[in-house]
Amino acid sequence: MAHRRHLLSFHATQSAGLGEKARDALLLRNKVIGLLNARISTVRAAVRFVFRDRPDIVRESTSAYERRRRAEAKRRAKKADAPLPL
């Protein structure tokens, strides 16, 4: 998702050359995208909970990027909890 945010974001310096109407449209677009991303995250979290016993269904509804991100976080947590070698 981070790569999408980067592609869709417009920095203040990039929007300086835009007219007021274009800046307003860009601001509205970014707000709508933010709301849509929040809604999608909420729905995906609900699906993961409701279908926690059906990994095949969860896999279909979740983002591959988010699955990899969660798996990496679990690996890091597991590695951090591992006892230190003597």
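**Observations regarding the pattern of salt bridges**
Summed over all chains, the structure comprises four salt bridges. For Glu72, the salt bridge goes to Arg76, with nearest N and O atoms at 3.6 Å. Of this pair, Glu72 and Arg76 both sit in helix H5 (residues 64-81), four residues apart, roughly one helical turn. Here the residues in one salt-bridge network are Glu72, Arg75 and Arg76, joined through shared partners.

**Regarding the packing of aromatic side chains**
Applying the stated criterion to the full structure yields zero aromatic pairs. Above the face of the Phe49 ring, Arg52 is positioned so that its terminal group lies 4.2 Å from the ring centre.

**Topic: helix H3 (residues 20-50)**
Between its terminal C-alpha atoms H3 stretches 45 Å, which fits the 45 Å expected from 31 residues at 1.5 Å a residue. Every buried residue of H3 is accounted for by Leu26, Asn37 and Val47.

Parameters and conventions
Residues numbered from 1 in each chain as written. Predicted model: local features only at pLDDT ≥ 70, side-chain atom pairs only at ≥ 80, totals over all residues. Heavy atoms only, no water. Salt bridge = Lys/Arg side-chain N within 4 Å of Asp/Glu carboxyl O. Helix = DSSP H or I, 4+ residues; strand = E, 2+ residues; numbered from the N terminus. Phe/Tyr/Trp six-rings, centres within 6.5 Å; stacked < 30°, edge-to-face > 60°. Lys NZ or Arg CZ within 6 Å of the ring centre and 35° of its normal. Expected span 1.5 Å × (residues − 1). Buried < 20%, exposed > 50% of the residue type's maximum accessible area, 1.4 Å probe, protein only.

Bear in mind that shape data such as this cannot, by itself, settle questions of function.
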